[in-house]
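Listed below, chain by chain, are the residues.
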Amino acid sequence: MHELIKFVPLFPLIGFLVLGLFGKYLKKEALIGAIGSGTVFGSFVISLLIFFDFAAAHHEKPILVPVYKWIETGVLNINISYQVDQLSILFSLIVTGVGFLIHVYSIGYMHGDRSYYRFFAYLNLFIFMMLNLVLADNLLLTFLGWEGVGLCSYLLIGFWYDRKFEGYKITWTGDAGNKAFIVNRIGDFGFIIAMFLIYNEFNSLQYTQVSNLAAEATMQYFGSGTITAITLLMFLGCTGKSAQIPLAIWLPDAMAGPTPVSALIHAATMVTAGIYLVARNSVLFALSPFSMEIVAIVGIATAFFAATIGLVQNDIKKVLAYSTVSQLGYMFAALGVGAFTAGVFHVMTHAFFKGLLFLGAGSVIHGMHEEQNIKNMGGLKSYMPVTYKTFFVATLAISGIPFFSGFFSKDEILWMAFSNGNVFLWLIGAIAAFFTAFYMFRLLKLTFHGKERFDAHHVHPHESPKVMTIPLIILALLSAIGGFLGIPYALGFWFSHQPNLLETWLHPVFSQAQAILHRTEGHQVHSIEYILMLVSVAIAITAILLAKRFYSDEKWSVPKALAGKFKPVYNLLFNKYSLDEVYYAFIGTPVFKLSQSFLWKIFDVKIIDGFVNGLADVTVSTGERIRRIQTGVAQNYALLMIGGIIIIIAWLVLSY
Amino acid sequence: MMGYEFQFILPIILISFFSTSAIVIDAIFLRNKSIGFYYSLAGLGITVISAIYSLIKANVALIPLHHSDRLITKGMLVFSGYSAFFDIIFCIAGILTILASKQYLIREYREINEYYSLLLLSIAGMMIIAHANNLLVLFIGIELMSISFYILAGFFRNNLRSVEAGLKYFLLGAFATGFLLYGMALIYGATGSIGINKAGFFMSAVGKAPLILSIGVGLLIIGLSFKVAAFPFHQWAPDVYQGAPTVVSGFMSTAGKAAALIAMVIIIRPLVPTDIDHQQLKQIYNGDTIRLIIGLISAATMMIGNITALVQKNVKRMLAYSSVAHAGYLLMGIVANNPKGWDGIAFYAVAYMFMQIGAFVVISIFERDNEFNMEISDYAGLSKTHPVIAAMMAVFMFSLTGIPPFAGFIGKYYLFASVIQSGYIWLAIVAVVASIISIYFYIGLVISMYFKEPEEKIQQADKGLSYITLGIASFALIIFGIFPSFIINLSHRCFNLFLF
């Protein structure tokens with residue numbers, strides 16, 4: 001059964017090729033949409049089959065399925081080969097499952113777009129690349145997928161290339177695509193160097209081999225400089241792809257793309273690639289306590305800062321974008337304290353509720369005729385009941401209201417931050433959770449409740465078609481109940497020994513890393529865990545009530561007063577800590593100036609071009625000269641041959 | 001043993017039969033030109049099937065074959081993996097060429113059935129080379145191939161360039177053949193045998209080898225260097241390849257070159273044995289000198305070939321020079337003289353066959369009267385007027401340059417790696433520099449096709465069946481570029497499992 005894994009990436013690839021090459025000739029939108037989502041559905045079904053088979057067989061070890069030899073040289077052999085294990089199956093289920101729903105949603109959302117087929121071709125290519133990323137059995141194939149999803153992200157951010165988009169030094173959507181791509185290059189650089197170092201150290205790029213070698217020589221590698229360098233560089237790659245400090249700045253601008261893209265790529269799947277990479281290399285990270293600390297600190301700091309920015313943004317997608325950055329921060333914080341399962345758990349629940357939030361936002365934007373500013377909305381509840389209800393469920397989930405999915409995963413992260421990390425990690429995480437609940441309910445209130453603030457003569461909000469709302473409903477169900485896959489022991493011990501299904505499922509993947517970290521699964525109940533749980537629920541409810549209070553008042557007098565009173569703070573948050581400006585002032589502009597005045601005008605034009613052109617001139621003039629030997633006269637040719645013969649024979653005689 | 005012998009010799013019997021009977025067919029069906037065409041295609045098809053069959057048979061059923069089992073006709077011919085491998089390559093090259101020839105010859109008013117029979121005869125010569133276990137048989141093979149080529153080069157007997165090409169090729173070829181034969185005579189004088197392996201065994205047994213042996217080998221190298229068009233014996237090649245009918249040039253510069261190279265492998269491998277200790281080798285024989293000489297020839301060939309190709313305006317002549325350069329790359333495999341080098345030669349011969357024949361066929365589609373529509377500027381804007389052909393030509397050019405994912409890259413990689421492995425790092429460096437130079441003119445053509453506006457004159461494509469050739473060639477280049485393991489594994493088995 002696991003042999004079928006080959007077909008999981010194959011289907012979207014076929015879809016991409018068919019749509020990319022022949023999409024122009026497929027006139028019907030329905031057909032294009034069916035091909036686009038059908039291929040992903042096929043992959044989803046196969047992933048499910050493999051999941052059931054794998055679960056039934058109780059495999060402990062990953063199964064490697066080679067497809068073909070990609071690179072074969074004396075020492076470096078790379079296979080296109082897929083690794084079937086608990087982690088990769090889980091990710092491929094998320095990618096294909098959520099991906100399929102978003103494909104279906106796009107059928108309605110992109111209706112009437114003049115590049116309909118191009119959109120689905122890109123989406124399919126994205127799914128193909130993402131599956132390569134998560135299914136690869138070696139770093140290089142993962143890197144192929146990693147770069148591939150980056151390319152798709154770039155292509156899709158600038159999908160409406162002729163539309164304007166506002167941002168710092170950004171005027172067109174294409175500029176936002178450039179920004180995402182370039183910022184990611186910095187991270188990719190780290191990834192590449194990490195790969196070199198791993199190959200240098202372990203003579204292999206295969207995950208299982210590297211992990212086993214590292215785990216066997218724990219004494220040698222624990223805390224060693226090499227491992228720390230590898231993991232930090234790899235983490236630099238993750239900060240790029242998963243939009244963490246210091247490379248977080250690209251994600252909000254990536255909202256220039258169509259909303260399904262934001263949902264699929266910039267919320268549910270691609271941005272979690274960093275989490276996947278750390279989880280996949282958990283052994284290496286576990287061997288470097290310093291790197292783990294960095295991961296945890298960067299994660300929790302990102303969670304906090306992004307949440308604060310989210311408090312004051314007015315663009316519905318921007319709020320969600322900062323929320324995504326913040327939630328990704330939580331996941332890294334979990335990884336950083338060694339709670340790999342909790343991090344992956346949050347990836348899953350986040351894919352559900354954040355995918356849903358973005359799709360809901362897309363539905364709103366769709367119904368409001370491309371309006372994105374929540375200050376111009378309000379009262380949409382009655383116009384779009386399904387969108388409102390599903391959005392509400394997702395908001396409850398992300399805010400951490402008990403028994404919705406986000407509650408379980410976020411709470412596990414906070415508890416792990418407390419028990420494995422320290423109280424400060426927990427505290428910052430809890431404050432960020434407060435902000436999260438606040439900005440989410442602010443968003444909900446401003447969008448769906450209260451007075452209608454749009455011009456009812458020109459804008460007629462309407463509910464989206466079924467093809468869009470059904471994916472919303474499915475995701476809402478998942479957001480509501482998805483958390484029961486990871487019931488914490490403290491809440492579930494009375495009915496089962498292992499209530500946390502996800503932890504049991506993922507146990508074989510992380511057992512080596514857990515052994516290095518001396519972690520045993522926490523099967524005892526701490527009273528403090530209940531207290532913290534109550535505290536975080538209280539935090540969420542307080543934040544919700546506060547947001548309700550603030551924004552039920554139609555004049556927003558309290559928030560306005562606060563913004564006026566703390567003007568500098570408000571401006572700082574509203575301008576996103578001026579991170580873009582700072583980067584431009586200290587990095588972008590100096591590099592640009594240096595490139596322009598020295599590297600281009602002097603180094604490139606004078607030195608490199610001079611050298612290259614000079615060399616080329618010499619080569620060409622040599623060619624002209626040699627050409628003259630080619631006289632066309634056969635006797636001359638024979639003469640040259642005689643010369644050669646004499647030299648060769650003389651050489652052989654003399655060297656005898 | 002009789003059964004095996006017949007099986008192993010069957011491809012040679014078949015090709016000899018079809019090439020000679022093609023003349024008879026020609027005489028019987030004077031009017032109907034298509035019969036010769038289909039007859040020769042069928043002949044090559046049957047031959048290639050029998051070659052594949054013998055390869056499979058030897059591979060599957062007969063392992064382990066003893067050396068003596070594979071000697072046929074009393075040790076004159078030998079059946080070995082590489083011979084079957086190259087049989088297949090030669091036949092495929094012939095099929096590709098014949099498919100592209102018909103329409104071309106009709107247009108140039110020279111569709112005469114002799115053409116097909118000559119082509120088959122030259123393939124027979126090549127196959128005899130690949131099976132030779134004896135210097136005289138080798139010589140017969142080489143001459144059979146060469147003489148057919150002399151005639152084919154001058155096949156447009158009303159075209160001055162073509163006649164000049166045929167004559168030049170013949171004059172210089174006869175000159176070089178003299179040295180080849182003289183070398184063989186010296187080897188016979190030194191060893192008392194014309195069996196190739198016997199000469200090799202002689203060398204490892206005799207202690208210090210006599211001077212005339214190494215001079216003999218040197219002369220052999222000189223003669224074969226002429227056949228592969230290596231510096232300083234390359235000067236005929238540009239004139240001949242330019243003057244000869246274009247499809248013939250494609251065939252001569254690929255299959256002919258591969259045959260001459262395989263002759264070199266046959267000679268060099270036993271004479272410069274790799275299994276003897278290096279110091280010991282130095283004492284008995286200056287094999288290292290011979291390798292160094294070939295190395296220098298290889299380096300000079302690729303540099304001269306590419307640098308001269310740089311200044312050509314005529315695409316056909318440019319490809320002629322580039323084929324000189326490719327002889328230089330292929331010679332690296334001989335210098336390396338190790339399994340990787342032979343794998344490299346085999347793979348590159350396959351890749352080179354597809355890309356070079358493909359490129360020449362594209363030229364043959366557009367050229368007129370062996371004279372016009374061959375300038376680089378004539379290809380301007382081809383991507384707009386003939387997008388599919390332009391795309392395929394671009395594949396050939398990228399592959400000739402050695403850019404992944406096309407097969408040319410993998411072939412080059414193997415050849416480069418083989419010389420590095422055997423310690424000739426300087427040669428690999430020269431090869432890289434030469435490849436960089438070659439980017440200019442290969443990609444220059446692609447730029448002309450894709451980024452220049454078409455001129456007013458409309459290029460007329462006259463495809464005939466040649467689109468089959470082009471399709472197969474470009475498809476093969478992509479497939480073998482992405483999945484190189486198939487050919488590599490095959491050639492590796494052929495060269496190592498049951499070699500010589």
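For clarity, every value in this text was computed on a predicted model and none was experimentally measured.

(A) Region of interest: the overall build of chain A. Counting its regular elements, chain A contains 27 helices and four strands. Expected size for 656 residues packed as a compact globule is a radius of gyration near 26 Å; at 28 Å, chain A falls within 12% of this value. Across its three principal axes, chain A shows a C-alpha extent of roughly 100 × 60 × 50 Å. Within chain A, the fraction of its 656 residues that count as buried is 56%. Relative to all contacts within chain A whose residues are 6 or more apart in sequence, the contacts with residues 24 or more apart total 80%.

(B) The packing of helix 17 (residues 385-399) of chain A against helix 18 (residues 405-421) of chain A, seen in detail. Residues and elements named next belong to chain A. Two elements in contact, helix 17 and helix 18, have axes separated by 6 Å at closest approach and are oriented at 15 degrees. By the criterion of interaxial angle, the relationship of helix 17 to helix 18 is roughly parallel. The way helix 17 lies across helix 18 gives a crossing that is right-handed. Where helix 17 abuts helix 18, its residues A397, I398 and S399 lie against S405, G406, F407 and K410.

(C) Representation of the nonpolar core within the structure. The biggest cluster of nonpolar side chains holds 208 residues, and the ones touching the most others in it are L87(A), F126(A), L139(A), I198(A), W250(A) and L506(A). Both domains that furnish three or more residues to this core are identified here as domain 1 (1-281) and domain 2 (288-573) of chain A. Leaving out residues up to four positions away in the same chain, L139(A) has contacts with F191(A), M195(A), I198(A), L205(A), Y207(A), M234(A), L277(A) and N281(A). Within the second largest apolar cluster, 189 residues are counted, among which are A51(B), L120(B), A130(B) and L213(B).

(D) Spotlight on the domain arrangement of chain A. Residue and element names in this part refer to chain A. Annotation of chain A at the domain level lists domain 1 (1-281), domain 2 (288-573) and domain 3 (580-655). At the junction of the two partners, domain 1 supplies 59 residues and domain 2 supplies 52 residues. Summed over both partners, the interface of domain 1 with domain 2 buries about 4600 Å², with 79% contributed by carbon and sulfur atoms. The salt bridge involving R163 is made with E370; its shortest N-O contact spans 3.7 Å. Those elements that provide at least two residues to the side of domain 1 that touches domain 2 are helix 2 (29-57), helix 3 (86-109), strand 3 (164-167), helix 7 (207-216), helix 9 (225-241), helix 10 (250-253), helix 11 (259-268) and helix 12 (273-280). The biggest single contributor to the side of domain 1 that touches domain 2 is helix 3, with 14 residues.

(E) The arrangement of helix 6 (residues 173-202) of chain A in detail. Look at helix 6 of chain A: 43 Å from first C-alpha to last across 30 residues, which is about the 44 Å you get at 1.5 Å a residue. One or two positions beyond helix 6 of chain A, positive phi appears at N203(A), with a value near 60 degrees.

(F) Structural view of the interface of chain A and chain B. In this assembly, 31 residues from chain A lie in contact with 44 residues from chain B. Buried area between chain A and chain B, summed over both chains or domains, comes out near 3300 Å², and the portion from carbon and sulfur atoms is 74%. Summed over the three residues of chain A that lose the most area to chain B, namely M641(A), L652(A) and Y656(A), the buried surface amounts to 21% of that side. Where chain A meets chain B, there are zero salt bridges.

(G) Representation of a nonpolar patch on the surface. On the surface, L594(A), F598(A), L599(A), I602(A), F603(A), I607(A), I608(A), F611(A), V612(A) and L615(A) cluster together to form a nonpolar patch covering roughly 870 Å² of accessible area. Position of L599(A) among the secondary structure elements: in helix 26 (residues 579-629).

(H) Fine view of the environment of V569(A). Residue and element names in this part refer to chain A. With respect to the secondary-structure elements, V569 resides in helix 25 (residues 567-574). Judged by its relative accessible area of 46%, V569 falls in the partly exposed class. Sequence spacing of V569 and I294 is 275 residues, and the spatial spacing of their C-alpha atoms is 27 Å.

(I) Here's a closer look at the packing of helix 17 of chain A against helix 19 (residues 423-448) of chain A. All names here are of chain A. With their axes 9 Å apart at the nearest point, helix 17 and helix 19 run at an angle of 170 degrees to one another. On the basis of the axis angle, helix 17 is roughly antiparallel to helix 19. The handedness of the crossing between helix 17 and helix 19 is left-handed. For the pair helix 17 and helix 19, contact is made by T387, Y388, F391, F392, T395, L396, I398 and S399 and by T436, A437, M440, F441, L443, L444 and F448, respectively. For the contact of helix 17 with helix 19, the class distribution of residues is 11 nonpolar, four polar and no charged.

(J) Main features of the confidence of the model for chain B. Residues and elements named next belong to chain B. Across chain B, the average pLDDT comes to 83, with 88% of residues at 70 or higher. Mean pLDDT across the elements of chain B ranges from a minimum in helix 11 (residues 278-284), with 54, to a maximum in helix 5 (residues 135-153), with 92. Low pLDDT, under 50, characterises residues 61-66; the predicted model gives this stretch nine contacts beyond four residues in sequence or across chains. The ipTM value of the predicted complex is 0.86, and its pTM value is 0.76.

What counts and how
Residues numbered from 1 in each chain as written. Chains lettered and ligands numbered in written order. Predicted model: local features only at pLDDT ≥ 70, side-chain atom pairs only at ≥ 80, totals over all residues. Heavy atoms only, no water. Helix = DSSP H or I, 4+ residues; strand = E, 2+ residues; numbered from the N terminus. Rg over C-alpha atoms; globule rule 2.2 N^0.38 Å. Buried < 20%, exposed > 50% of the residue type's maximum accessible area, 1.4 Å probe, protein only. Contact = heavy atoms within 4.5 Å. Axes fitted to C-alpha atoms, helices over the stretch in contact; angles between N-to-C directions. Parallel < 35°, antiparallel > 145°, perpendicular 65-115°, else oblique. Left-handed = near helix turned anticlockwise from the far one by under 90°. Core = buried A, V, L, I, M, F, W, Y, C linked by side-chain atoms within 4.5 Å. Domains from an automatic or database assignment. Buried area = accessible area lost by both parts, 1.4 Å probe. Salt bridge = Lys/Arg side-chain N within 4 Å of Asp/Glu carboxyl O. Expected span 1.5 Å × (residues − 1). Patch = residues over 30% accessible without salt bridge, like charges linked within 9 Å, V, L, I, M, F, W, Y side chains within 5 Å. Areas by Shrake-Rupley, 256 points an atom, 1.4 Å probe, with all protein chains shown as cover. Nonpolar A, V, L, I, M, F, W, Y, C, P; charged D, E, K, R; others polar. pLDDT = per-residue confidence, 0-100.

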